[in-house]
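Here is how the chains run, residue by residue.
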Amino acid sequence: MLSICIPVYPFSNEIVAITNECVRRLYEHTKSEFEICMVINGKDSDRKMEMGDRANVINFPEPIGNARGWNEGLKLAIGNIICFMDNDIWVEEAWDKPLLDTLDNGIVTPAIYRKDPNGKFNLVDDNCQGCCIMIRKSSLQELYDNPPERTKPCYGFDEQFSPAYAEDTDLFLRCRLKGWDRRRINSSRAL
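A brief look at the structure comes next. (Residues numbered from 1 in each chain as written. Predicted model: local features only at pLDDT ≥ 70, side-chain atom pairs only at ≥ 80, totals over all residues. Heavy atoms only, no water.)

Considering helix α5 (residues 167–177)
Phase 1 of the analysis: Buried within α5 we find E167, D168, D170, L171, F172, R174 and C175.
Phase 2 of the analysis: Its buried side turned inward, α5 meets α2 (65–76), β5 (107–115), β7 (132–136), α4 (137–145) and β8 (182–190).
Phase 3 of the analysis: Following α5 by one or two positions, G179 has its phi on the positive side, about 90°. (Buried < 20%, exposed > 50% of the residue type's maximum accessible area, 1.4 Å probe, protein only. Helix = DSSP H or I, 4+ residues; strand = E, 2+ residues; numbered from the N terminus. Contact = heavy atoms within 4.5 Å.)

As C-alpha coordinates, this is what we get:
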(Lines give C-alpha, C1' and ligand atoms only; values in the text may rest on other atoms or scores of the structure.)
Protein backbone atom coordinates (compact mmCIF):
# COMPACT_ATOMS: atom_id res chain seq x y z
CA MET A 1 0.00 0.00 0.00
CA LEU A 2 1.08 3.55 -0.75
CA SER A 3 0.82 6.07 2.12
CA ILE A 4 0.84 9.71 0.98
CA CYS A 5 1.88 12.06 3.80
CA ILE A 6 0.87 15.70 3.36
CA PRO A 7 1.43 18.47 5.91
CA VAL A 8 -0.70 21.58 5.42
CA TYR A 9 -1.06 24.90 7.19
CA PRO A 10 -4.54 26.13 6.11
CA PHE A 11 -4.12 29.79 6.99
CA SER A 12 -6.08 31.00 3.96
CA ASN A 13 -8.97 29.96 1.76
CA GLU A 14 -6.49 29.84 -1.17
CA ILE A 15 -4.33 27.24 0.62
CA VAL A 16 -7.43 25.19 1.42
CA ALA A 17 -8.51 25.32 -2.26
CA ILE A 18 -5.03 24.28 -3.44
CA THR A 19 -4.97 21.39 -0.95
CA ASN A 20 -8.46 20.27 -1.93
CA GLU A 21 -7.34 20.14 -5.59
CA CYS A 22 -4.25 18.15 -4.56
CA VAL A 23 -6.46 15.60 -2.77
CA ARG A 24 -9.03 15.49 -5.60
CA ARG A 25 -6.28 14.70 -8.12
CA LEU A 26 -4.85 11.99 -5.88
CA TYR A 27 -8.23 10.23 -5.84
CA GLU A 28 -8.65 10.69 -9.59
CA HIS A 29 -5.15 9.78 -10.80
CA THR A 30 -3.63 7.31 -8.30
CA LYS A 31 -3.92 3.75 -9.61
CA SER A 32 -2.42 1.91 -6.62
CA GLU A 33 -4.11 1.14 -3.33
CA PHE A 34 -3.39 4.22 -1.23
CA GLU A 35 -4.18 6.24 1.85
CA ILE A 36 -3.66 9.91 2.62
CA CYS A 37 -2.04 10.85 5.94
CA MET A 38 -2.93 14.53 6.33
CA VAL A 39 -1.30 16.60 9.06
CA ILE A 40 -3.10 19.89 9.61
CA ASN A 41 -1.09 22.62 11.31
CA GLY A 42 -3.09 25.33 13.08
CA LYS A 43 -6.46 24.36 11.63
CA ASP A 44 -8.96 27.16 11.41
CA SER A 45 -12.48 25.74 11.87
CA ASP A 46 -14.11 27.99 9.24
CA ARG A 47 -12.12 26.43 6.37
CA LYS A 48 -13.35 23.17 4.82
CA MET A 49 -10.71 20.59 3.96
CA GLU A 50 -12.01 17.82 1.69
CA MET A 51 -10.14 14.65 2.65
CA GLY A 52 -12.18 11.84 1.15
CA ASP A 53 -12.72 8.35 2.53
CA ARG A 54 -9.07 7.17 2.47
CA ALA A 55 -7.68 9.91 4.67
CA ASN A 56 -6.24 9.70 8.15
CA VAL A 57 -6.10 13.18 9.64
CA ILE A 58 -4.29 14.57 12.64
CA ASN A 59 -4.71 18.17 13.79
CA PHE A 60 -2.24 20.35 15.65
CA PRO A 61 -3.52 23.66 17.03
CA GLU A 62 -0.22 25.41 16.26
CA PRO A 63 2.04 25.16 13.19
CA ILE A 64 4.63 22.38 13.58
CA GLY A 65 6.54 22.80 10.30
CA ASN A 66 7.19 20.50 7.36
CA ALA A 67 9.76 18.15 8.88
CA ARG A 68 7.62 17.31 11.90
CA GLY A 69 4.46 17.39 9.77
CA TRP A 70 5.85 14.72 7.45
CA ASN A 71 7.07 12.70 10.44
CA GLU A 72 3.63 12.87 12.08
CA GLY A 73 2.11 11.70 8.78
CA LEU A 74 4.63 8.85 8.71
CA LYS A 75 3.42 7.78 12.18
CA LEU A 76 -0.11 7.44 10.76
CA ALA A 77 1.04 5.54 7.66
CA ILE A 78 0.23 1.85 7.29
CA GLY A 79 1.67 1.44 3.78
CA ASN A 80 5.02 -0.11 2.95
CA ILE A 81 5.75 2.70 0.46
CA ILE A 82 5.72 6.32 1.65
CA CYS A 83 5.21 9.39 -0.52
CA PHE A 84 6.04 12.69 1.17
CA MET A 85 4.13 15.35 -0.76
CA ASP A 86 3.57 19.09 -0.42
CA ASN A 87 -0.07 20.18 -0.47
CA ASP A 88 0.37 22.13 -3.73
CA ILE A 89 1.37 19.13 -5.89
CA TRP A 90 -1.19 18.21 -8.52
CA VAL A 91 -0.51 14.74 -9.89
CA GLU A 92 -1.34 13.68 -13.43
CA GLU A 93 -2.77 10.41 -14.80
CA ALA A 94 -1.23 7.23 -13.33
CA TRP A 95 1.61 9.21 -11.73
CA ASP A 96 2.29 6.51 -9.13
CA LYS A 97 2.89 3.48 -11.38
CA PRO A 98 6.21 4.58 -12.96
CA LEU A 99 7.53 5.54 -9.52
CA LEU A 100 6.52 2.27 -7.89
CA ASP A 101 7.89 0.24 -10.82
CA THR A 102 11.38 1.75 -10.41
CA LEU A 103 11.60 2.17 -6.62
CA ASP A 104 14.42 0.32 -4.88
CA ASN A 105 16.12 1.36 -1.60
CA GLY A 106 16.55 4.97 -2.69
CA ILE A 107 14.21 7.83 -3.53
CA VAL A 108 12.19 8.44 -6.67
CA THR A 109 10.46 11.66 -7.66
CA PRO A 110 8.08 12.56 -10.47
CA ALA A 111 8.96 15.19 -13.04
CA ILE A 112 7.54 18.41 -11.59
CA TYR A 113 6.34 21.17 -13.92
CA ARG A 114 5.47 24.77 -13.01
CA LYS A 115 3.76 27.42 -15.12
CA ASP A 116 5.90 30.42 -16.04
CA PRO A 117 4.52 33.99 -16.42
CA ASN A 118 3.76 33.26 -20.10
CA GLY A 119 1.57 30.28 -19.20
CA LYS A 120 4.08 27.68 -20.44
CA PHE A 121 4.86 24.64 -18.25
CA ASN A 122 8.57 24.07 -17.58
CA LEU A 123 10.36 21.24 -15.83
CA VAL A 124 11.51 22.25 -12.35
CA ASP A 125 15.20 21.77 -11.55
CA ASP A 126 16.00 18.53 -9.68
CA ASN A 127 17.13 20.47 -6.60
CA CYS A 128 13.55 21.59 -6.01
CA GLN A 129 11.97 18.17 -6.04
CA GLY A 130 11.77 17.53 -2.32
CA CYS A 131 8.12 18.52 -2.77
CA CYS A 132 7.15 14.97 -3.83
CA ILE A 133 9.36 12.01 -2.96
CA MET A 134 8.68 8.30 -2.69
CA ILE A 135 10.69 5.90 -0.52
CA ARG A 136 10.19 2.46 1.00
CA LYS A 137 9.27 2.40 4.69
CA SER A 138 11.96 -0.29 5.13
CA SER A 139 14.56 2.16 3.77
CA LEU A 140 13.51 4.76 6.35
CA GLN A 141 13.85 2.10 9.04
CA GLU A 142 17.32 1.16 7.75
CA LEU A 143 18.40 4.82 7.91
CA TYR A 144 17.23 4.88 11.53
CA ASP A 145 18.63 1.50 12.62
CA ASN A 146 21.97 1.85 10.79
CA PRO A 147 22.56 5.55 10.10
CA PRO A 148 25.36 6.50 7.73
CA GLU A 149 28.64 7.47 9.38
CA ARG A 150 28.66 10.97 10.92
CA THR A 151 24.87 11.23 10.88
CA LYS A 152 22.46 10.83 13.75
CA PRO A 153 19.66 8.27 13.78
CA CYS A 154 16.50 9.86 12.46
CA TYR A 155 13.29 8.13 11.42
CA GLY A 156 12.01 10.17 8.51
CA PHE A 157 13.03 13.82 8.55
CA ASP A 158 15.41 15.52 10.95
CA GLU A 159 13.27 18.02 12.84
CA GLN A 160 16.22 20.32 13.51
CA PHE A 161 15.36 21.75 10.07
CA SER A 162 11.97 23.04 11.26
CA PRO A 163 9.92 24.86 10.30
CA ALA A 164 11.10 24.00 6.76
CA TYR A 165 13.92 23.97 4.20
CA ALA A 166 16.78 21.46 3.96
CA GLU A 167 14.96 18.57 5.69
CA ASP A 168 14.55 16.95 2.26
CA THR A 169 18.19 17.61 1.31
CA ASP A 170 19.28 16.00 4.58
CA LEU A 171 17.21 12.89 3.74
CA PHE A 172 18.69 12.80 0.22
CA LEU A 173 22.22 13.02 1.66
CA ARG A 174 21.61 10.27 4.20
CA CYS A 175 20.34 8.02 1.40
CA ARG A 176 23.34 8.91 -0.75
CA LEU A 177 25.73 8.04 2.08
CA LYS A 178 24.08 4.59 2.15
CA GLY A 179 24.81 4.25 -1.57
CA TRP A 180 21.18 4.67 -2.61
CA ASP A 181 20.14 6.73 -5.63
CA ARG A 182 17.68 9.55 -6.00
CA ARG A 183 16.07 9.45 -9.42
CA ARG A 184 13.56 11.59 -11.26
CA ILE A 185 11.19 9.42 -13.27
CA ASN A 186 10.10 11.50 -16.26
CA SER A 187 7.18 9.21 -17.11
CA SER A 188 5.56 10.32 -13.85
CA ARG A 189 4.34 13.92 -14.00
CA ALA A 190 2.97 16.40 -11.51
CA LEU A 191 2.27 20.12 -11.51
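Section: the side chain of T19
Phase 1 of the analysis: The topology assignment puts T19 in helix α1 (residues 13–29).
Phase 2 of the analysis: In this structure the side chain of T19 is engaged in a polar contact, spanning 2.8 Å, whose partner is the backbone oxygen of I15.
Phase 3 of the analysis: Apart from residues no more than four positions distant in its own chain, T19 is found in contact with V8, M38, M49 and N87. (Polar contact = N/O pair within 3.5 Å; in protein donor to acceptor, adjacent residues only side chain to side chain.)

Describing the packing of aromatic side chains
Phase 1 of the analysis: Tallied over the entire structure, the rule returns five aromatic pairs.
Phase 2 of the analysis: With 4.7 Å between their ring centres and 80° between their planes, F84 and F157 make a pair best called edge-to-face. Of this pair, F84 sits in strand β4 (residues 81–85) while F157 sits in the loop between α4 and α5; the two residues are 73 residues apart in sequence, bridging distant segments of the chain.
Phase 3 of the analysis: For F84, a relative accessible area of 0% translates into the label buried.
Phase 4 of the analysis: According to the relative accessible area criterion, F157 is buried, its value standing at 1%.
Phase 5 of the analysis: Relative to Y155, the ring of Y144 lies with its centre 6.3 Å away and its plane at 85°, an arrangement referred to as edge-to-face. Residue Y144 is found in helix α4, and its partner Y155 is found in the loop between α4 and α5; the two are separated by 11 residues along the sequence.
Phase 6 of the analysis: The exposure class of Y155 is partly exposed, given its relative accessible area of 29%.
Phase 7 of the analysis: By way of ring pairs, the aromatic residues W70, F84 and F157 are connected into one cluster.
Phase 8 of the analysis: For R182, the ring lying beneath its charged end belongs to F172, and the centroid distance is 3.9 Å. (Phe/Tyr/Trp six-rings, centres within 6.5 Å; stacked < 30°, edge-to-face > 60°. Lys NZ or Arg CZ within 6 Å of the ring centre and 35° of its normal.)

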